[in-house]
Amino acid sequence: MIGSRSLSASLPRTGALPWLAALFVALTLFMGQSAPLFEWLLPGLDNPVYDRHSFPDLVLDHVVLVAASSLISVFIGVSAGIFATRSVGQEFKPVISAVSAIGQTFPPAAVLAVVAPLAGFGFKPALVALALYGLLPIVQNTMAGLETVPSATLEAARGMGLSKREILTRVELPLAMRVITAGIRVSVIVNIGTATIASTVGARSLGTPIISGLVSQNVAYVLQGAILVALLAIVTDLFFERLERFFSVDRN
Amino acid sequence: MKPNRVIVTLLVLALAATLLLPFANLAENRLVSGTPYRFWSALTTGQLVAALALTVSLTGMAVSWYKRPVLNGNATLVCCLCLLLLVIYAAGDFATRSLEDAGPAARVSLSSAFWAQIFCLSLMMIDVLQRMTRSIFMQVFFALFAFAAVMLLFFSGALDQLSIMREYANRQEAFAGALVQHMMLVISALGPALVIGVPLGLLALRRLRLRSGLFSTLNVFQTVPSIALFGLLVAPLSALGEAVPLFRDLGIRGIGSTPAIIALVLYALLPIARNTYAGFAQVPTAAIEAAQGMGMTPQQILWRIEVPLALPVLLSGLRIVVVQSIGLAVVAALIGAGGLGTFVFNGLGQYAIDLVLLGAIPTIILAVLADCLLQLLVSLSRRKGVT
Amino acid sequence: MIELDQVTKTYDGKNVVDSVTLSVDKGDFCVLIGPSGSGKSTTLKMINRLIPLSGGTIRIEGQDIASVRAEELRRRIGYAIQSIGLFPHWTVEQNIAVVPRLLKWSPKRVRERVESLLALFHLEPGQFRDKYPHQLSGGQAQRVGVARALAADPEVLLMDEPFGALDPITRDSLQEEMRRVHEETGKTIVFVTHDMDEALKLASRIAIMDEGRLVQVGSPREILNSPANDFVLDFVGQSDLGLKMLACESVETRLEPAASISRSAPIENIRSQFGQADHVWLLSPEGQVEGLLTEAPGGQDDLDRSLRPLGQESHATPEMSLKEALSHMVWRKTGWLPVVDGDGRLTGEVGLSKVMERP
């Protein structure tokens, strides 16, 4: 399993979630009015606030892109993980786990850059690239999660007369849920980052002001986009941390 | 007769792609969309016959797989590698033949069927390798061998007329520079990351109360999207550079390699600190007590017991960091740090896919190679007795 | 050999070891026993300075342990613990060789030493030398752990509940081996346990601790015969005190001469034996004990009918504990057991009434 964030799962930081979420919403709504602040911070800029798109619009675009691609990833990834751990798919398991391990070494930006042009520029290709890359940790963790279910538990379930489907939905998936959620968490966080770069392949996101700021050497644009997307990622991560804890078997 | 269903499935997929999708694209110049060529019209008769023969024998072996799994395994590896080299060579050969009587701006680029074939063949080889050996050494050895064979094909000149290779030929020097710069970014981040990360991990080990706070702080860096972290560093660093001319002369500016390296270091801290902590924490306390009881000095316990037992975990942390940094350094091109990402984003800006590939494919290869080598190192460091 | 003088350990103002004074003679097998939290482990670990003393002194062969560098001291003292702590990345040979190598023995000497230690613990060197700890069973691992503690031939061996985590059968055989090794090597051993049966089986001296204080020190028999107070009596276990007493005495102490006659002797001779004895051991023509005759057989045909067979499995040996002999008597429903030597020859008998006598 990818435990890249599993250590922090036990940390008592969820108390910050509502405050940071509120801060994120407030900044999204009022970033457009922040001109005086940025004028004071970075004097001498022609245009202290990014105004080609409104910030709520950019946030919405970003969230839609990540949410849509993540939904696709979760659907395909969890199905593939279940398939590989059933007896029908057993033969495919080594290749699926090797691909999901090797695939994750590919730089996400490179995957975006290779996939997107093949499908043209804009929202759809970015969606495809994000969904593809986001699959990998979910597949990996679904397989790992299902495999950690103790064989004694499965035997007991069989012994009590549960059907294969019932064993999957009532025993295996609930027990594997924490690990699967950890995979989704990695996937979503990576996708929030990759969606930021997706503005270079023509998909509008919170990366748009950052890239535009870098191109026109307007540090204020960069900061405005970066602050919002950083907060979005942190809030999402904390949310998933809570979710993971909710799904952990001992619920402590 | 029990077939190898993985290979059969992949063969079906590859055949479907070959039949339905274009193999290569011939265009008058960079701007027009050009004519797509199917696999069978791009290859010479001889090449087609060879490809067909290899495919038929692959199918035969896959269908009767479990009769002679070892023989079939070896033969399938050889067939797949031959077919892979044949497909790549045929693409290059097609480019050479079709550009002989075309204008200087004409170009042949690779299309979806080509990529699908390469993808399916690689997966077949991975499947066979996974079935045949659990040994990471054998797997990496074969991967390096296959990689060397493909590289040989590249340097033989047979592929020189493909658009991506022409793009490479035009920018050979810039490419070499970008490659070196890319690796420099990664390497320069490693030193500081280790110097800061390892002590932080040890601190977490000694002071349990600090641990949760430390790891969640470092996790924030991992969570923040790379371009945002770069962006957040741009402002304070440019302010610093402007305020102190000395720093500016040292290269501390808002854009360039400095913010990139700082960001890479910040990203690397969590994996390094966490794996240092985990590596030392998993050393059995009984072993340490026994070592003390037998009269080993703290130094001897550290170097003979703790470090050897923690090393594999430490090195897997390093592996994560190197692979991750190679990927993040692509994005660093956006803040002017150079590296292979320059080609990627220039290409995206000009809608020049070959230029994008010239940046993206080498970074992917670089990441996978680094991963292979470091994985090998991890296995080597794992002592025999420790499972 | 080892002298503890007013040894005290204080944690957070509480004396977990409270002015313990104890001397262990050379060659003693001294068992420190007590309930958990009685300070026995702490006392042991102060001897090799894994835990520093809060007060008092410890001397080994007259030398204050505080005057030696801790590492140097520990290399002279063997140390074995319950969790064994074999180094997982080293082979059995490398594990055993740790201290000899720290002491810079020659490779040849180290190798020979490892071999003889493996042999001492009945571990075939060719088979075990190159194994890694994870390939060993619990009992094998602890044998290696003890062999490692003995590697540099220390005068003193400290053992902290070394057999506590093993299953009863393995524990039993390791205890046997430990007793044999102690007899063969004559090491001074300080051994911590909370298991009274283990203590009675191994100890030449038992030191009972409670709440950091030494309650009673003495030989197993002294402890059983005259427990110092209710705590000791309770700890020893009142309900099976008698059996424990029998456990620390051997058949040898109650050996009596036995009347015997060969099966091949004329029946008259057999019958005439009953003039002097009320029971006679019948031997096979080869001289092995076949069983017991408690009344004179009527004739040759009657011999097997009046014989009570007592095969090899119910023969006692001089080293056997009285507890075990008694158990055989109860199981076989006989008042006497034949006592045989290593070759199976009858050397005497042990009877129920003799077992009951005061020593």
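Predicted model only: the values in this text are computed from it and were never measured.

For the rest of this paragraph, the subject is the sheet that holds strand E6 (residues 77–81) of chain C. All names here are of chain C. Taken in spatial order, the 6 strands make up an open sheet running E6-E7-E8-E3-E9-E10, and their pairing is mixed. The open sheet terminates on both sides in strands that have one partner only, identified here as E6 and strand E10 (213–218). In this sheet, adjacent strand axes meet at a mean angle of 15 degrees when their direction is disregarded. Note: strand E7 (residues 156–160) against strand E8 (residues 188–193), 5 bridges, orientation parallel. Bridge assignment links Leu158 to a residue of E8, and that residue is Val190. Strands E6 and E7 of the sheet are contacted by helix H7 (residues 138–150), whose axis makes an angle of about 165 degrees with E6.

Moving on: unusual backbone geometry. Residue and element names in this part refer to chain C. Notably, Asp153 is not glycine yet its phi reads approximately 55 degrees, a positive angle. Inspection of the secondary structure assignment puts Asp153 in the loop between H7 and E7. The exposure class of Asp153 is partly exposed, given its relative accessible area of 42%. At Glu161, a residue that is not glycine, the phi angle is positive and equals roughly 40 degrees. For Glu161, the position within the fold is in the loop between E7 and helix H8 (168–185).

Turning next to the interface of chain C and chain B. Frequently, the measure chosen for interface size is the accessible area that the parts lose on association. On the side of chain B, 23 residues touch chain C, which itself brings 24 residues to the contact. Carbon and sulfur atoms make up 68% of the surface buried where chain C meets chain B, a total of about 1900 Å² over both sides. Applying the counting criterion to the chain C and chain B interface returns 1 salt bridge. In this structure, Lys45(C) and Glu289(B) form a salt bridge, with 3.5 Å as the shortest nitrogen-oxygen distance. Applying the counting criterion to the chain C and chain B interface returns 5 residue pairs in polar contact (both at pLDDT 80 or more). Elements supplying a minimum of two residues to the side of chain C that touches chain B: helix H2 (70–75), E6 and helix H4 (98–102) of chain C.

Right, let's talk about the pattern of salt bridges for a bit. Under the defined criterion, the tally for this structure stands at 39 salt bridges over all chains. Ionic pairing is found between Glu167(B) and Arg107(B), a salt bridge with its closest N-O pair at 3.1 Å. Residue Glu167(B) is located in helix H7 (residues 163–170), and its partner Arg107(B) is located in strand E3 (residues 107–110); the two are separated by 60 residues in the primary sequence. Here Glu167(B) and Arg107(B) have matching classes, each one buried. Here Arg113(C) ties to Asp153(C) by a salt bridge, and the two come within 3.9 Å at their closest N and O atoms. Of this pair, Arg113(C) sits in helix H5 (residues 107–120) while Asp153(C) sits in the loop between H7 and E7, placing them 40 residues apart in sequence. When salt bridges that share partners are traced, they join Arg178(A), Arg185(A), Asp237(A), Glu241(A), Glu244(A) and Arg245(A) into one network.

Taken together, the contact between chain B and chain A spans 48 residues of the former and 47 residues of the latter. Counting the surface lost from both chain B and chain A, the interface buries some 4100 Å², and carbon and sulfur atoms represent 78% of this. Area buried by chain B at its contact with chain A is led by Arg5(B), Thr223(B) and Leu348(B), which between them contribute 14% of it. There are 2 salt bridges connecting chain B and chain A. Of the charged contacts in the structure, one is a salt bridge between Glu91(A) and Arg5(B), with a shortest N-O distance of 3.1 Å. Contributions of two or more residues to the side of chain B that touches chain A are made by helix H1 (5–20), helix H5 (112–132), helix H9 (208–223), helix H10 (226–243), helix H12 (257–281), helix H14 (298–332), helix H15 (341–349) and helix H16 (353–381) of chain B. Residues of the side of chain B that touches chain A, tallied by class, amount to 32 nonpolar, 11 polar and 5 charged.

Reading the values: rules and limits
Residues numbered from 1 in each chain as written. Chains lettered and ligands numbered in written order. Predicted model: local features only at pLDDT ≥ 70, side-chain atom pairs only at ≥ 80, totals over all residues. Heavy atoms only, no water. Pairing = 2+ DSSP bridges. Helix = DSSP H or I, 4+ residues; strand = E, 2+ residues; numbered from the N terminus. Axes fitted to C-alpha atoms, helices over the stretch in contact; angles between N-to-C directions. Contact = heavy atoms within 4.5 Å. Buried < 20%, exposed > 50% of the residue type's maximum accessible area, 1.4 Å probe, protein only. Buried area = accessible area lost by both parts, 1.4 Å probe. Salt bridge = Lys/Arg side-chain N within 4 Å of Asp/Glu carboxyl O. Polar contact = N/O pair within 3.5 Å; in protein donor to acceptor, adjacent residues only side chain to side chain. Nonpolar A, V, L, I, M, F, W, Y, C, P; charged D, E, K, R; others polar.

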